[in-house]
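Spelled out from the first residue to the last, the chains are:
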Amino acid sequence: MNAFTYRDGMLHAEDVAVAELAERYDTPLFVYSRNHLLAQLGALTAAFAAVKPLVCYSVKTNSNGAVIKTFAEGGAGADVVSGGELWRARRAGVPAERVVFAGVGKTADEIEFALKEGIRFFTVESEPELARISDVARRIGATGRVALRVNPDVDPQTHKYISTGKKENKFGLDLARAEQAYEMAARLPNLEVVGLHMHIGSQILTSHPFVEAVRKIAPLCQTLKRAHPAFRCLDIGGGIGIQYKPEQHALEPVVVARELVPLLQPLGLEIVMEPGRYLVGNAGVLVARVQYVKDSPFKKFVIVDAAMNDLIRPSLYQAHHEICAVRETSARVHGDVVGPICESGDFLAQDRELPEMRQGDLLAVLSAGAYGFAMSSSYNSRPRAAEVMVNGKDHTLIRRRETWEDLVAHETI
Ligand SMILES: Cc1ncc(COP(=O)(O)O)c(C=O)c1O
């Protein structure tokens, strides 16, 4: 599904004109399509139906409560990486038994909170973390269910900052150590070791790295299943890539499923998935208004009211986001789209063919639903943008624009 299309020359989000949203809620503005979110969840679940996966939406991708709630209503659980994300997921109505908790640095307080909530399992990244979960669980008289995160050492062929399953990355345990750690975990009090976990990276555009990783992990799953009756689950993480550039091909879940399901089915395990970007990336756009057009002798700069504090992906990963004029035009110019922040790295598009725009025009930065608002900040004392959810003809403000008062709300002079 593509929820963002032109109708009568104006960009729409589902049935609502984006210009109307900008008028009503001002800019910069994140706009999400509820039906796009649900369509993505449906497509993923249908593709993997043969292994009946529990889809745990990766909350870090877009942690707005309305987004989490939409997925929870669609039957998804949540993949969280902090006490704050767990709290958000529970607040948005995700049942605790559908929450999995990842991350290399869980604190004792976070572990205690998760144990008290009764989450499905922790994905554990090191031996000291196993010992800590066991200690906390013993202290409060709980049982910690854990799945060991394995680092299968495969190259996901993605940006190095979002590659997580190679041996030089900080995540998980290598395969040889994982078996020993499993034995250690099985002996620790107040722990139930229920499975293995992997997450090899993000924005992966071919199924090969997933296939290679599952092939590497499958023998260990079989060994552990024979040795430990509690072993029942394999969490294959997230990572399915989306289309950012027109010439790029998204990785369709049916394509991955065609190759993975025959490897997963014989394992006879409960399968958990942790998609993020695939579910929300193309369900959101960032709408901005042109403030100035500056023609320097070298370049044209389209200066807008959104910046790297709203969407850091271009600055951080040199990520490409398509730029669309909200009022359709075939006129093209060459240049950069930049924000007002005092950094040369503050750009949303660089050296690109762009729709021609004038002062006051609206533009939309596409594919901004994932790692957009969630990674935003108030750098340069810029209040964070508002977020709106569209559902057919309806639209709801799901996070109000921050104010200058909000900027200093936690400060004491
Ligand atoms: C453990 C874990 N699971 C899932 C995800 C979601 O990845 P993606 O958005 O690529 O699906 C991430 C992303 O960093 C992650 O670290």
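What counts and how
- Within any chain, residue numbers begin from 1 and follow the written order of that chain's sequence.
- Local features in this predicted model are restricted to residues whose pLDDT is 70 or higher, and side-chain atom pairs enter the listing and the counts only when it is 80 or higher, whereas totals over whole chains, interfaces and linings include all residues.
- No hydrogens and no water enter the side-chain calculation; it runs on all heavy atoms of the structure.
- Under the scheme used here, helices are H or I runs from DSSP no shorter than 4 residues and strands are E runs no shorter than 2 residues, and both carry numbers assigned from the N terminus.
- Here the globule rule reads 2.2 Å times residues to the power 0.38, and the radius of gyration is calculated from C-alpha atoms.
- Per-residue accessibility, obtained with a 1.4 Å probe over protein chains only, is compared with the maximum for each type, and a residue is labelled buried under 20%, exposed over 50%, and partly exposed between these values.
- For this analysis, residues touch if any pair of their heavy atoms sits within 4.5 Å.
- Residues scored as charged are limited to Lys and Arg (positive) and Asp and Glu (negative), so that His and the chain ends carry no count.
- By convention, the point assigned to a charge is CZ for Arg, NZ for Lys, CD for Glu and CG for Asp.
- Side-chain rings of Phe, Tyr and Trp, where Trp is taken by its six-membered ring, are said to pair if the distance between their centres is within 6.5 Å; with planes under 30 degrees apart they count as stacked, over 60 as edge-to-face, and otherwise as tilted.
- In a helix, the anticipated span is given by 1.5 Å times the number of residues less one.
- The rule for a salt bridge is simple: a side-chain nitrogen of Lys or Arg has to be within 4 Å of a carboxyl oxygen of Asp or Glu.
- Put simply, a residue is near a molecule or strand once any heavy atom of it comes within 4 Å of that molecule or strand.
- The term polar contact refers here to a pair of N or O atoms within 3.5 Å; inside protein, the definition further demands a hydrogen-donor-capable atom paired with an acceptor-capable atom, and it admits residues adjacent in sequence only when both atoms are side-chain atoms.
- Areas reported as accessible are Shrake-Rupley estimates using a 1.4 Å probe. Residue values count occlusion only from the protein chains shown.
- For this classification, Asp, Glu, Lys and Arg are treated as charged, while Ala, Val, Leu, Ile, Met, Phe, Trp, Tyr, Cys and Pro are nonpolar and the rest, including Gly, are polar.
- Note on pairing: two strands pair once DSSP finds at least 2 bridges between them.
- By nonpolar core is meant a set of buried Ala, Val, Leu, Ile, Met, Phe, Trp, Tyr and Cys residues that side-chain atoms within 4.5 Å join together.
- Per the annotation, domain bounds derive from an automatic or database assignment of domains.
- This arc corresponds to the set of directions leading from the helix axis out to the C-beta atoms.

(A) Up close: the overall build of the protein. Each helix and strand in the protein was counted, giving twelve helices and 21 strands. Since a compact globule built from 413 residues should have a radius of gyration of about 22 Å, the 22 Å found for the protein is in line with a globular shape. The dimensions of the protein, computed from C-alpha atoms along their principal axes, are 70 × 55 × 40 Å. Per-residue burial for the protein yields a buried fraction of 55% across its 413 residues. Sequence-distant contacts in the protein: of pairs separated by 6 or more residues, those separated by 24 or more amount to 71%. Taking the average location of the 47 positive side-chain charges in the protein and that of its 50 negative ones, the two points are 3 Å from each other.

(B) Representation of the packing of aromatic side chains within the structure. Summed over all chains, the structure comprises five aromatic pairs. Plain terms: the ring middles of Y57 and F71 are 4.5 Å apart, the flat faces sit at 45° to each other, and that makes the pair tilted. In this pair, Y57 sits in strand β5 (residues 54-58) while F71 sits in helix α3 (residues 65-73), placing the two residues 14 residues apart along the sequence. The exposure classification of Y57 matches that of F71, with both residues buried. The rings of F30, Y32 and F373 are connected pair by pair, giving a single aromatic cluster.

(C) View of helix α7 (residues 175-187). Between its terminal C-alpha atoms α7 stretches 19 Å, which fits the 18 Å expected from 13 residues at 1.5 Å a residue. Looking at the buried positions of α7, the neighbouring elements they touch are α6 (127-140), β9 (144-151), β10 (173-174), β11 (191-197) and α8 (208-227).

(D) Broad picture of unusual backbone geometry. Cis geometry marks the peptide bond from T27 to P28; its omega dihedral reads -5°. Relative to the assigned elements, P28 resides in the loop between α1 (18-25) and β4 (29-33). We note that Q318 has phi near 50°; this positive angle belongs to a residue other than glycine. Phi is positive for S381, close to 50°, though the residue is something other than glycine. Counting through the fold element by element, S381 comes out in the loop between β19 (362-365) and β20 (386-391).

(E) Inspection of the pattern of salt bridges at higher detail. Enumeration over the complete set of coordinates arrives at 22 salt bridges. Across the salt bridge formed by R289 and E23, the nearest N and O atoms sit 3.6 Å from each other. Pair noted here: R289 is in strand β14 (residues 284-295) and E23 is in helix α1, with a separation of 266 residues, a long-range link. Judged by its relative accessible area of 62%, E23 is exposed. Ionic pairing is found between D135 and R138, a salt bridge with its closest N-O pair at 3.9 Å. Linking D135 with R138, this pair stays in helix α6, spanning three residues, or about one helical turn.

(F) Inspection of the site of the ligand at higher detail. The environment of the ligand is formed by 15 residues, the closest being S202, G239, E274, R277 and Y371. A distance of 3.2 Å separates a nitrogen atom of the ligand from a polar atom in the side chain of D79. Within the backbone of R277, an N or O atom sits 2.8 Å from an oxygen atom of the ligand. Out of a free accessible area of 400 Å², the ligand has 92% covered by protein chains. Of the residues that constitute the shell around the ligand, the class distribution is three nonpolar, seven polar and five charged.

(G) Structural detail: the sheet that holds strand β1 (residues 4-7). Read from one edge of the open sheet, three strands run β1-β2-β3, paired in antiparallel fashion. Taken across any chain shown, the strands that pair with only one partner, and hence form the sheet edges, are β1 and β3 (16-17). Pairing between strand β2 (residues 10-13) and β3: two bridges, direction antiparallel. When the sheet's bridge partners are listed, H12 is paired in β3 with A17.

(H) Region of interest: the nonpolar core. Within the largest apolar cluster, 103 residues are counted, with the highest numbers of intra-cluster contacts made by F48, F122, L196 and L234. Ranked by the residues each element gives to this core, the list is headed by α8, at nine residues. Summarising the domain contributions, this core has at least three residues from each of domain 1 (4-32 + 281-408) and domain 2 (103-273). Other than its neighbours up to four places away in sequence, L234 contacts L196, I217, C221, L264, L267, L269, E270, I271 and V272. One finds F4, L29, L362 and V388 within the second-largest nonpolar core, a separate group that totals 21 residues.

(I) How the structure looks around the domain arrangement of the protein. Assigned domains within the protein: domain 1 (4-32 + 281-408) and domain 2 (103-273). Put simply, the middle of domain 1 and the middle of domain 2, counted by C-alpha atoms, are 35 Å apart. With eleven residues of domain 1 in contact, the opposing surface of domain 2 contributes nine residues. Our count for the domain 1 to domain 2 interface comes out at one residue pair in polar contact (both at pLDDT 80 or more). Grouping the constituent residues of the side of domain 1 that touches domain 2 by class yields three nonpolar, six polar and two charged.

(J) Region of interest: helix α9 (residues 253-264). Every buried residue of α9 is accounted for by P253, V256, A257, L260, V261 and L264. Down the axis of α9, the sector holding all buried residues measures 115°, keeping them to one side. Next to the buried residues of α9 lie α2 (34-47), α8, β12 (233-235), β13 (270-273) and α10 (277-280).

(K) The arrangement of the side chain of R313 in detail. When you line up the elements, R313 lands in helix α11 (residues 313-317). When residues no more than four places from it in sequence are discounted, the contact partners of R313 are Y244, R277, Q318, A319, H321, A370 and Y371.

(L) View of the side chain of D336. Looking at the element boundaries, D336 is found in strand β17 (residues 332-338). Among the polar contacts listed, one links the side chain of D336 to the side chain of K299, at a separation of 2.9 Å. If sequence neighbours within four positions are ignored, D336 has contacts with K299, K300, F301, V302, A349, Q350, D351 and L354.

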